[in-house]
Amino acid sequence: MQTMTDITKTHDLSLLQQSYLQKLENCSPFIHRTLAKDEALRLDLLNNLHIPYTLEAMKFFLAAQVIVDEISLKKALRKLRAHVMARMICRDLNGLADLYEVMRTTSQLAECTINSAIDYLHTWLADVYGQPVDADGYPQNLIVIGMGKLGGGELNVSSDIDLIFAYETEGNTTGEKSISNQDFFVRLAKKLIAAIDEITEDGFVFRVDMRLRPFGSEGALVSSLDALEEYYQNNGREWERYAWIKGHEVTGGNQVSKLLKPFVFRKYLDFGAFASMRDLKIQIQRDVNSKGMHDNIKLGRGGIREIEFVAQVFQLIRGGQDVSLQVKPTLSVLALLKNKGLLPEKTVDELCEAYIFLRNVEHRLMYVEDAQTQELPKTDEAKARIAYAMNFANWDGFLAKLDAYRAQVQQHFDATFNDDETAKDALELEKSVWNSTINTEEAHTVLHNLGFADVQDTLRHLHTLHQSSRYLQLPELSRQRFDAVMPHVIAQSAKTPNSDTTLTRVIDLLESICRRASYLALLAEHPQAMQLLVKLCSSSPWLSNYLAQHPILLDELLDTRSLYAAPDFAALRRDLTQRLAEADGDVERQMDIMRHFKHANVFRFAVQDMNGELVLETISDYLSDLADLILSVSLATIWPNVRGKHREVPQFAVIGYGKLGGKELGYASDLDIIFLYDDAPEAGEVYARFAQRINNWFNSLTSAGLLYETDLQLRPDGNSGLLVSSVAAFREYQLNKAWVWEHQALTRARFVAGDRAIGAAFDKIRIEVMTQARDAEKLKTEVLAMREKMRAAQHLSAEYFDLKQSVGGIIDVEFIVQYLVLAHANKYSQLTENIGNIALLQRAGALGLIDPNIANQVANAYRELRRLQHTAKLQGDVQAKIDSETVQKEASAVVALWQQYISSPIDMVKPTNT
């Protein structure tokens, strides 16, 4: 067999192989020396250069070594490292591997060597002391958590590895020389560090850094899980949360990750992370400045650490709410931030490109002498080597590209963390008013010049707030954030047309949320969100109250792209389903997820509404489609947990009545629904339990609020009837027992969720009922009697016009349409379509059942009455009562049609003063 020397001498190396070796040896003196000492390694490199070094290949290599003691173990591990590093570095420098392969291979090398070393060392130690076990005799093993880049699967070629050691529980070993589990695992950990970190004649495997463990260098080398949990609950610091984002158990399992998840990822949106990570960056920058490390491509401005901080701050903020953001690799996180609209596409693309470039530079700096360095070289020779390794013709060309990337990273970092020094001196006048650093007369002048009308009352309100116990009792950090927010509140409120009222609304909102420091942090960190918040509070007291009830919605203000986007209900369904699946088994969390989902979408619709982007019909469609979606997903979520369920998919449907059935839902509408099933009679009990669970799911008040109020009174026999009905029983009831008003309600009913076959059966029954031949006069009498009964129960006042209940109001239009449908559907089946009151009026006109001009007048009146009702509720007028003169034209049109088709003028009794 020819040796490598013979091959070289006879020039059997291909030109391509020669070029690969030449670049490797020119760029890495470390590898050049390694190959010169090891002919077999050189031959292996050339034979396998085209193949990435896989984890399986690493395990196979170690299995072929003779390992009988710690000395031979160390030798085998270092020999493996040499083989992996030589091939990987050569592949990288010659364009055969990308950054992903380099990071993956290096991380797998670390995991392979750690786990292999533990296997041998644990066995040898147990031979002396016995197996460590818990109180029940179950074996215990060392848990190794990889932190930093190892945890993220993005390890550097010459990086140290940050480790934390743990074991499950206290106990003792089983041998004659029994020792405590703590003692056993400390001994094992020390031997593991030596096996990996110790420099022998064969070098080292990885430098090991244990300073991230609880209490740092002063802490125990190994901790039980109980000790870990206690430490992070009571002593965990903010930077440790940041570090644990990358925490990954390289020995397998996820016990520690699950245990510390509440510490790392808050259940709420944690916008305080911006300030914490900015402070951490400032500390790092001070260290960089003091040590003159401006050429450090990791820690310097525009370096790798700033890209990692941008990615990880969003993980800290949102990881508790969005499990998908708990991934480890930086590039994966950035991709998610782009997909979720949390960072602009251009920003993410530039950060990813810069990250790959900077990490490649970092590796080439380390390839030179296998040293952990991120400092740019100083000598001309070293500069030329790095430029060549990065495929640049000269240092100047390389440096220009590097500086461009670092400038981009710095710009995006500053934008993300709002690190703008110029803004810190703004709003001085507003600050002086809030902090009372000027006298009352001066404060009045400032407020007047800003645009406030009632300056005395406004200043009194501000002083009352500043001296209130709620403000004074805030934690120091929260009070600082409140102080940072208030000048913006004053400035932005002053720009609104109703400045005094707006300021009051915003203050009321802030007072209701100020004990949640994270929400104050959100507004302090995002002035544009504060600006939009003030605008919304100015526009609608209902909207400001909605935000006060659900402050988590403040997060929606950050992404105006999704805030103003038309809803994609298919995508929304997928998102909700995925989030619920991630919380499978935690019913309370699933209920909260669904509530947050509903509130967020209602808020988006309301913002678009206030912005004048949606007509009322579109808003009602959105709200109705949202309710349909939530009902549908709820059925799929609740059914698997119903006791006694007898099939995978229930033969069960939800039918919507009233505003839901007519697709005219408002922001605060309840859901009129009934439940139908089509299954064996004995299944009725199971479906009754199912219906009860659905009702509880919707009506329960959790920490996230209410989902919907449901009204089940329209089911057969009302409140005295069964909670669910079979399809056959429902048909029997509607044909033979139902009152006329129930048939009126049926005109607006529709299938909304569940089994579509049952939905089709319901539609058939609905049409059958509606198309029955009826005595028009008898029908008219019953419709009129029901309307008068409803009106009598309202105790209406003649002083105001109740948009819903007054003569000529919304309900009168609905009754007219219902009468027309029931009276004529047996001849005109077109009237059975559930297309809404306006369209049905116009269809009745087209069919000649009523005068087409009058039909259009009443349709327009109905639209205007609903618009006024909608507007009144947004302005906090729950009763929706206005001056009668305002709607005289609309009411007169409705009354005229009513008198023509339902009753004579004498029947239209106007309400008396009450």
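A quick note: this is a predicted structure, and the numbers were derived from the prediction, not measured.

In this section: the nonpolar core. By size, the foremost hydrophobic cluster in this structure holds 98 residues, and its most contacted members are Phe-482, Met-486, Leu-510, Phe-603 and Phe-652. Top contributing element to this core by residue count: helix 31 (residues 616-638), with eleven residues. In terms of nonpolar packing, the next biggest core, distinct from the first, is built from 67 residues, Leu-46, Cys-90, Ile-118 and Met-366 among them.

On to helix 10 (residues 225-234). Considered for burial, the residues of helix 10 that qualify are Leu-225, Leu-228, Tyr-231 and Tyr-232. The buried residues of helix 10 occupy an angular sector of 125 degrees when the element is viewed end-on, so they sit on one face. Away from the buried face of helix 10 by more than 90 degrees, exposed residues Asp-226, Glu-230, Gln-233 and Asn-234 are located. Buried residues along helix 10 sit in contact with strand 2 (143-146), strand 3 (161-167), strand 6 (222-224), helix 11 (238-244) and helix 12 (255-264).

What follows deals with the environment of Asn-439. Relative to the elements of secondary structure, Asn-439 occurs in the loop between helix 19 (428-434) and helix 20 (440-450). By relative accessible area, which is 42% here, Asn-439 ends up partly exposed. Polar contacts involving the side chain of Asn-439 include one to the main-chain amide nitrogen of Glu-442, which spans 2.7 Å.

Attention shifts here to the side chain of Arg-241. Along the chain, Arg-241 turns up in helix 11. Overall, the relative accessible area of 1% leaves Arg-241 in the buried class. A distance of 3.2 Å separates a polar side-chain atom of Arg-241 from the backbone oxygen of Phe-263.

Looking at the secondary structure, you find Leu-462 in helix 21 (residues 455-466). Taking the relative accessible area as the measure of exposure, Leu-462 reaches 1% and is therefore buried. Leu-462 sits 335 residues away from Ser-797 along the chain, and the two C-alpha atoms are 39 Å apart. If near-sequence neighbours (up to four positions away) are discounted, Leu-462 is found in contact with Val-433, Trp-434, Met-486, Ile-490, Leu-503 and Ile-507.

The subject of this paragraph is the pattern of salt bridges. Applying the stated criterion across every chain, the model contains 49 salt bridges. The shortest N-O distance in the salt bridge between Asp-92 and Arg-364 comes to 3.1 Å. Remark: Arg-364 occurs in helix 16 (residues 345-369) and Asp-92 occurs in helix 6 (residues 70-93); sequence separation between them is 272 residues. Comparing Asp-92 with Arg-364 shows no difference in burial state: the two are buried. For Asp-628, the salt bridge goes to Arg-750, with nearest N and O atoms at 2.9 Å. Of this pair, Asp-628 sits in helix 31 while Arg-750 sits in strand 12 (residues 750-754), and the two are 122 residues apart along the sequence. The two residues Asp-628 and Arg-750 agree in class, both being buried. Beyond isolated ion pairs, a larger network of salt bridges with shared partners links Asp-322, Lys-340, Asp-575 and Arg-579.

Moving on: unusual backbone geometry. At Ser-436, a position not held by glycine, the phi torsion is positive, near 55 degrees. Judged by its relative accessible area of 40%, Ser-436 falls in the partly exposed class. Even without glycine at this site, Asp-717 takes up a positive phi of about 70 degrees. With respect to the secondary-structure elements, Asp-717 resides in the loop between strand 10 (710-711) and strand 11 (724-726). On the basis of relative accessible area, Asp-717 is assigned to the partly exposed category, the value being 45%.

With that out of the way, let us pick up the pairing of strand 8 (residues 652-657). Taking burial as the measure, the six residues of strand 8 include six buried ones, the bulk of the element. Because side chains alternate across strand 8, one face comprises the buried residues Phe-652, Val-654 and Gly-656, and the other comprises Ala-653, Ile-655 and Tyr-657, equally buried. Two elements, strand 8 and strand 12, share four bridges in a ladder whose sense is antiparallel. Bridge pairing links Ala-653 to Gly-754 in strand 12.

So, on to the packing of helix 3 (residues 29-37) against helix 4 (residues 39-48). With their axes 5 Å apart at the nearest point, helix 3 and helix 4 run at an angle of 115 degrees to one another. In this view, helix 3 runs roughly perpendicular relative to helix 4, as classed from their interaxial angle. For the pair helix 3 and helix 4, contact is made by Thr-34, Leu-35 and Lys-37 and by Glu-39, Leu-41, Arg-42 and Leu-45, respectively. Residues of the contact of helix 3 with helix 4, tallied by class, amount to three nonpolar, one polar and three charged.

Contact geometry of helix 30 (residues 587-610) with helix 31 gives a least axis separation of 11 Å together with a crossing angle of 170 degrees. With respect to helix 31, the axis of helix 30 lies roughly antiparallel. Where helix 30 abuts helix 31, its residues Gln-590, Met-594, Phe-597, Lys-598, Asn-601, Val-602, Phe-605, Gln-608 and Asp-609 lie against Ile-619, Tyr-622, Leu-623, Leu-626, Leu-629, Ile-630, Val-633, Ser-634 and Thr-637. Split into classes, the residues belonging to the contact of helix 30 with helix 31 amount to eleven nonpolar, five polar and two charged.

Here Glu-814 lies in helix 38 (residues 810-824). Classification of Glu-814 as buried rests on a relative accessible area of 9%. A polar contact is formed between the side chain of Glu-814 and the side chain of Lys-659, at a distance of 3.5 Å. In this structure, Glu-814 is in contact with Lys-659, Glu-664, Arg-748, Asn-837 and Tyr-862, ignoring residues within four places of it in sequence.

For the rest of this paragraph, the subject is the confidence of the model for the protein. Looking at the protein, pLDDT values average 90 and 96% of them are 70 or higher. Throughout residues 1-11 the model reports pLDDT below 50, and contacts reaching past four residues in sequence, or to other chains, amount to 15 contacts. With pLDDT under 50 throughout, residues 421-425 is counted as low confidence; its partners more than four residues away or in other chains account for one contact.

Conventions adopted
- Residues numbered from 1 in each chain as written.
- Predicted model: local features only at pLDDT ≥ 70, side-chain atom pairs only at ≥ 80, totals over all residues.
- Heavy atoms only, no water.
- Core = buried A, V, L, I, M, F, W, Y, C linked by side-chain atoms within 4.5 Å.
- Buried < 20%, exposed > 50% of the residue type's maximum accessible area, 1.4 Å probe, protein only.
- Helix = DSSP H or I, 4+ residues; strand = E, 2+ residues; numbered from the N terminus.
- Arc of directions from axis to C-beta.
- Contact = heavy atoms within 4.5 Å.
- Polar contact = N/O pair within 3.5 Å; in protein donor to acceptor, adjacent residues only side chain to side chain.
- Salt bridge = Lys/Arg side-chain N within 4 Å of Asp/Glu carboxyl O.
- Pairing = 2+ DSSP bridges.
- Axes fitted to C-alpha atoms, helices over the stretch in contact; angles between N-to-C directions.
- Parallel < 35°, antiparallel > 145°, perpendicular 65-115°, else oblique.
- Nonpolar A, V, L, I, M, F, W, Y, C, P; charged D, E, K, R; others polar.
- pLDDT = per-residue confidence, 0-100.

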